[in-house]
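# Secondary and tertiary structure notes
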Number of protein chains: 2
Amino acid sequence: MLLKSNSPQITVAIDAQGGDHGYAPVVAAVNFALTLYSKMNLLIYGSNECYEKLVKAKIDPKRYEFIQAPMTVPADASPKDVLDYYQGSSMALAINAVKEGRAQAAVSAGGTGPLVTMARHYLGSIGHVRPALAARMPYAMNRFTLMLDLGANAQSDAKDLADFALLGSAAAKAMFNLATPRVALLNVGTEDQKGSHVVREARDLIMNDRSIYLQGYLEANRIFCGDADVIVTDGFTGNVALKAAEGVAEIFGKAAGLRKFIAKMARPDWLLPWQYNGSVLLGVDGVVIKSHGNAGEEAFAVAMVEAARCAQSPLLQILKDNIEKSRG
Amino acid sequence: MLLKSNSPQITVAIDAQGGDHGYAPVVAAVNFALTLYSKMNLLIYGSNECYEKLVKAKIDPKRYEFIQAPMTVPADASPKDVLDYYQGSSMALAINAVKEGRAQAAVSAGGTGPLVTMARHYLGSIGHVRPALAARMPYAMNRFTLMLDLGANAQSDAKDLADFALLGSAAAKAMFNLATPRVALLNVGTEDQKGSHVVREARDLIMNDRSIYLQGYLEANRIFCGDADVIVTDGFTGNVALKAAEGVAEIFGKAAGLRKFIAKMARPDWLLPWQYNGSVLLGVDGVVIKSHGNAGEEAFAVAMVEAARCAQSPLLQILKDNIEKSRG
């Protein structure tokens, strides 16, 4: 992991309650992340139990501030309930810290639905585009393809996919330092007439946007091959593709005895799953990172570092500039 | 592979031209399949060059009949073109052999679109259900989950998904010898309110069909875990999920040098991809097997054996009975 030492201090707001395992992995993750990223300070929103653990762990009190937030948003809460009943939750407070400028990014392992609802509510969306979750898919050591949407939206039309292409292209400029990212649309084949009406209509819309370089269609077996810099799909398909990939990777890990040992040796170094935790919610006016719900310590720490990196990069400014240029 | 020796003779019609590599892998595959399955004879539709290769390979001429079919359907031909210009193709003739009772099953590695168009045209669909491609996903040695649709349809509504559930449940009864297959709907979460409108509407439709046991939703990381006997999804998502899984499996295979050797050792025995070639086109009135377009010799042979097995099983009769019972 390359960390810049000449970058300014960054404050990241942490929802310490949202994950499947509550605050348990967060405390160790905090220690890990603060060591990894010396320019990062934290605002930690969580329960009293979480605070006790933090104190016990003897984490440098100059590096974090703890704010009590006993309420946790259930992962399956409806958008209405989220806004009606959970404005005092650890998730809401962490996102609000970004809105009010006390933090430059927020991280949560809470439910995707509530997180998207809260982020849109507090931060607003940039230029009326539809926000989407984007994650870096590794294809070689330190080489990535950005893929979106991974589940911020349950269903998307062609215009939404065009929004995702715009968001992804702009984000790849900032995150991968590329002048003209190669954007590909996920489809069931590469020929022009392949796929659903939605995908083909999206293709036409994206082709008409001169700010985006659309390379063409891409099939799912090529997601981890580096054929494109950005892969665009709807949140349902993206979520399924990512989880199917995880499922197969797990098979190799699930082997018992000697085979398990061998499977670990066989896995390429760049394919350690915890190294790639943290999807960015692109399209809202602030940096919000979604950590995997069952992220362990290392994975949650990686999400925090990802948050600090995004906040330190020109990501938000490039997104705004590109959306303005494209949508007038 | 367990082959019954007390079963009657089966004739399988082969489209020897359809795959990405033309007839090249077919000739060796024929030899392999005839050895594997002693009760199978073949009708082989292909070019003169294919015939010459068959003769040169000294395959027992009592086990196959060759019929010249020089025309090959392009994988991306439109449904209209398929029916207007390619009725004399190797694919059309192979499927027609099933319609006319000269063969009990057809195998093609040609394009999915043309194959579905031809099969529906020549064989008709059973009881107005929408045909779908189903394949066995391995989850342990000789243990499978049937997944559909894998790409016969580019887009599907809730009623189509309910058709797939009916087809998959009936097929699992025949293929896995189960009284009450556990059917699951692929979704982005397991909670009731998760997913797209289409998936949730499909869930209600399937719940109302008393002939199907719907277990609930299933996430894509559980496809290879044996949680359900049948996994139902639309053809776009199913195709993407399968290819994403293939892509990850390939990463382990792509490693170079020692790591490549290790990766082979780490792969569970039941996860050899060529062992699972051959999707069944369920819902048409005949047994049609789609082989992977770039199937090699072993894989194409496995598809032929799959065809003979399906033809020998009560698959078609059980499908008809179940569809009649469900749809009145």
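Residues numbered from 1 in each chain as written. Chains lettered and ligands numbered in written order. Predicted model: local features only at pLDDT ≥ 70, side-chain atom pairs only at ≥ 80, totals over all residues. Heavy atoms only, no water.

Our focus in this paragraph is the overall build of chain A. For chain A, the count of helices and strands is 11 helices and 11 strands. For chain A, buried positions account for 58% of its 328 residues. A separation threshold of at least 6 residues defines the contact pool for chain A, and within that pool the share at least 24 residues apart is 72%. Put simply, chain A shows about 13,500 Å² of open surface, and 50% of that area lies on carbon and sulfur atoms. (Helix = DSSP H or I, 4+ residues; strand = E, 2+ residues; numbered from the N terminus. Buried < 20%, exposed > 50% of the residue type's maximum accessible area, 1.4 Å probe, protein only. Contact = heavy atoms within 4.5 Å. Areas by Shrake-Rupley, 256 points an atom, 1.4 Å probe, with all protein chains shown as cover.)

With that settled, the discussion passes to the sheet that holds strand β9 (residues 230-232) of chain B. Residue and element names in this part refer to chain B. Reading across the sheet, the 11 strands line up as β3-β2-β1-β4-β11-β10-β5-β6-β9-β7-β8 and stay open at both edges, with mixed pairing between neighbours. Bordering the open sheet on either side are β3 (64-68) and β8 (213-218), each of which pairs with just one other strand. Averaged over all adjacent pairs, the angle separating strand axes in this sheet is 25°, with direction ignored. Pairing analysis gives six bridges linking strand β1 (residues 10-15) to strand β2 (residues 40-46), with the strands arranged parallel. Across the sheet, the residue bridging to Ile-10 is Met-40, located in β2. Contacts between helix α4 (residues 90-99) and the sheet are confined to β1, β2, β3, β4 (105-108) and β11 (287-290), with β1 contributing the most and set at about 160° to the helix. Contacts from helix α6 (residues 158-176) reach β5 (132-140), β6 (143-148), β7 (182-186), β9 and β10 (279-282), with the element oriented near 155° to β6. (Pairing = 2+ DSSP bridges. Axes fitted to C-alpha atoms, helices over the stretch in contact; angles between N-to-C directions.)

We now examine the pattern of salt bridges. Residue and element names in this part refer to chain A. Tallied over the entire structure, the rule returns 24 salt bridges over all chains. The shortest N-O distance in the salt bridge between Arg-203 and Asp-192 comes to 3.3 Å. Here the residue Arg-203 occupies a position in helix α7 (residues 197-207), and Asp-192 occupies one in the loop between β7 (182-186) and α7, the gap between them amounting to 11 residues. Since its relative accessible area comes to 17%, Arg-203 is described here as buried. (Salt bridge = Lys/Arg side-chain N within 4 Å of Asp/Glu carboxyl O.)

Let's shift gears to the side chain of Arg-136 of chain A. Residues and elements named next belong to chain A. Structurally, Arg-136 is set in strand β5 (residues 132-140). Take Arg-136: its relative accessible area is 16%, and that puts it in the buried class. A polar contact of 2.8 Å, which involves the side chain of Arg-136, links it to the side chain of Glu-306. (Polar contact = N/O pair within 3.5 Å; in protein donor to acceptor, adjacent residues only side chain to side chain.)

Moving on, we come to the nonpolar core. The biggest cluster of nonpolar side chains holds 226 residues, and the ones touching the most others in it are Ile-223 of chain A together with Ile-223 of chain B. In contact with Ile-223 of chain A, not counting residues within four places along its chain, are Met-137, Thr-145, Met-147, Leu-186, Leu-218, Ile-231 and Ala-241 of chain A together with Ala-244 of chain B. (Core = buried A, V, L, I, M, F, W, Y, C linked by side-chain atoms within 4.5 Å.)

The next point concerns the packing of aromatic side chains. Inspection of the entire model under this criterion finds two aromatic pairs over all chains. Residues Tyr-51 of chain A and Phe-66 of chain A carry aromatic rings whose centres are separated by 4.8 Å and whose planes lie at 35° to one another, so their mutual orientation is tilted. Note that Tyr-51 of chain A is positioned in helix α2 (residues 48-56) and Phe-66 of chain A in strand β3 (residues 64-68), a separation of 15 residues in sequence. A cation over an aromatic ring shows up here: Arg-136 of chain B above the ring of Phe-144 of chain B, its NZ or CZ 4.2 Å from the ring centre. (Phe/Tyr/Trp six-rings, centres within 6.5 Å; stacked < 30°, edge-to-face > 60°. Lys NZ or Arg CZ within 6 Å of the ring centre and 35° of its normal.)

Any functional reading would require information beyond the geometric quantities listed.
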